Amino acid sequence: MLKSANDGTLTAQSPPGGPLERWAERHLRYLMLAPTVLILLALTIFPSVYMFYAAVHKISPNPDLAWEFVGPGNFARLLSDAQFHVALRNTVVFTVVAVAVEFLLGLGLALLLDKFIRRLTFLKTVLMIPMMLPPIAVAITWKLIYEPQFGVLNEIMYRLGLPLQAWAGDVNLAMFSIIVADVWQWTPFIFLLMLAGLASLPVEPYEAAALDGASSWRQFWDLTLPFLKPVIAIALLLRVMDALRLFDLVFILTGGGPADRTKVLSLYIYQVAYRFADPGYAAAISLFVLFATIILSTWFMKRMRLAD
């Protein structure tokens, strides 16, 4: 603070208040952020540390019994656990197929509507509806659609003279049914990102390519895809990380059946923790999923950077 002296010069004056008030004034921006940072740390750091601690213990369902330290024993069980291997395989199959179909459909819809989007605003809004619905509502809706006796899908099959199917209850169709429901819900997410990416593309390269006689396919392959590469990377990364955590659809539609054909890692973690009362082993599986997601994401981003 500056203060005018009798001779007209300005001299520095300490701010009013004691040392504590002056310190608070200098660090005010940090103090205002502190509550939010503390809450975020409490919601992330503590659960993570607790999960690491639980993963190296055998936890009895009896709260009066002490936790038994087993070290890497819970992680070693992953190598010999047949149910874990089944859940891992199902998770990988679902993630690869669902994300690939969603990406192709989302990109195709974005390319189709890019030139006409101003006249099809209502259609764009309709396409966004599945993504905005709660996952539980989506799962219940598709459960009713797949219902063998009174479901809409079997009613259509009957009117077309086609054989009725159990859909979510059929060994060969259960995973397909889960994938269809997920594609229906999350293709709009890919579509929205691709549409935003297409809207930001520069016009000059396309005009130059058209003057050179490049076909639409050549422009798409040489210009559109390279320009969209950052958006594609983000879209695929977000969808893969989300698909690895699939739970709602499987829990409501199939419960992991039939014959474990749709048992995924998230559902298996739930079963181990609450049905088999082994939270220590469930924490170890959760950490495996966490580290696998981190490694996959890091590898994917490095590959995308190297391809630039």
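Residues numbered from 1 in each chain as written. Predicted model: local features only at pLDDT ≥ 70, side-chain atom pairs only at ≥ 80, totals over all residues. Heavy atoms only, no water.

## Things to note about the pattern of salt bridges
For step 1, the next point in the chain: Applying the stated criterion across every chain, the model contains eight salt bridges.
For step 2, the next point in the chain: The partner of D278 in a salt bridge is R77, with the nearest N and O atoms 2.8 Å apart. Within this pair, whereas D278 is found in the loop between α12 (265-275) and α13 (279-307), its partner R77 is found in helix α3 (residues 73-80), the two being separated by 201 residues in sequence.
For step 3, the next point in the chain: For D278, a relative accessible area of 10% gives the class buried.
For step 4, the next point in the chain: Among the salt bridges present, the one from K263 reaches D260, with a minimum N-O distance of 3.5 Å.
For step 5, the next point in the chain: In this structure K263 comes out as buried when scored by relative accessible area, which is 6%.
For step 6, the next point in the chain: Each of E102, D182, R239, D242 and R245 takes part in salt bridges that share partners, so that together they form one network. (Salt bridge = Lys/Arg side-chain N within 4 Å of Asp/Glu carboxyl O. Helix = DSSP H or I, 4+ residues; strand = E, 2+ residues; numbered from the N terminus. Buried < 20%, exposed > 50% of the residue type's maximum accessible area, 1.4 Å probe, protein only.)

## Re the side chain of R239
For step 1, the next point in the chain: By the secondary structure assignment, R239 is in helix α10 (residues 216-243).
For step 2, the next point in the chain: Dropping the residues within four chain positions of it, R239 is found in contact with V99, E102, D182, W186, F189 and I190. (Contact = heavy atoms within 4.5 Å.)

## Points about the packing of helix α9 (residues 204-211) against α10
For step 1, the next point in the chain: Contact geometry for α9 and α10: axes closest at 11 Å, N-to-C directions at 170°. The orientation of α9 relative to α10 falls into the category roughly antiparallel. Listed contacts from α10 to P205, Y206, A209 and A210 of α9 are Q219, L223, T224 and F227.
For step 2, the next point in the chain: Its residues assigned to classes, the contact of α9 with α10 shows six nonpolar, two polar and no charged. (Axes fitted to C-alpha atoms, helices over the stretch in contact; angles between N-to-C directions. Parallel < 35°, antiparallel > 145°, perpendicular 65-115°, else oblique. Nonpolar A, V, L, I, M, F, W, Y, C, P; charged D, E, K, R; others polar.)

## Side note on a nonpolar patch on the surface
For step 1, the next point in the chain: A cluster of nonpolar residues, F122, L123, V126, I129, M132, L133 and W184, forms a patch on the protein surface that exposes about 660 Å² of accessible area.
For step 2, the next point in the chain: For the nonpolar patch, the leading source of residues is helix α5 (residues 121-132), giving five residues.
For step 3, the next point in the chain: With relative accessibility at 35%, the residue W184 sits in the partly exposed group. (Patch = residues over 30% accessible without salt bridge, like charges linked within 9 Å, V, L, I, M, F, W, Y side chains within 5 Å. Areas by Shrake-Rupley, 256 points an atom, 1.4 Å probe, with all protein chains shown as cover.)

## Quick look at the UniProt feature "transmembrane region" (unreviewed entry) in the chain
For step 1, the next point in the chain: UniProt feature "transmembrane region" (unreviewed entry): in the numbering of this structure it lies at residues 30-53, 92-113, 125-145, 183-203, 223-241 and 281-301.
For step 2, the next point in the chain: Secondary structure across residues 183-203 comprises 81% helix and 0% strand; the distance between its end C-alpha atoms is 32 Å. (UniProt positions renumbered as here; feature names shortened; annotations may be inferred.)

## A closer look at the packing of aromatic side chains
For step 1, the next point in the chain: Evaluation of the coordinates by the stated rule reveals 15 aromatic pairs.
For step 2, the next point in the chain: Here W142 and W184 contribute two aromatic rings whose centre-to-centre distance is 5.9 Å and whose plane-to-plane angle is 70°, an arrangement assigned as edge-to-face. Taken together, the residues span a long stretch of sequence, with W142 in helix α6 (residues 135-146) and W184 in helix α8 (residues 174-199) at a distance of 42 residues.
For step 3, the next point in the chain: Residue classification places W142 among the buried residues on the basis of a relative accessible area of 11%.
For step 4, the next point in the chain: In textbook terms, an aromatic cluster arises when at least three aromatic residues are bridged by ring pairs, as seen for F46, Y50, Y53 and W67.
For step 5, the next point in the chain: Its guanidinium or amino end placed over the ring of Y281, R77 lies 3.8 Å from that ring's centre, counting from NZ or CZ. (Phe/Tyr/Trp six-rings, centres within 6.5 Å; stacked < 30°, edge-to-face > 60°. Lys NZ or Arg CZ within 6 Å of the ring centre and 35° of its normal.)

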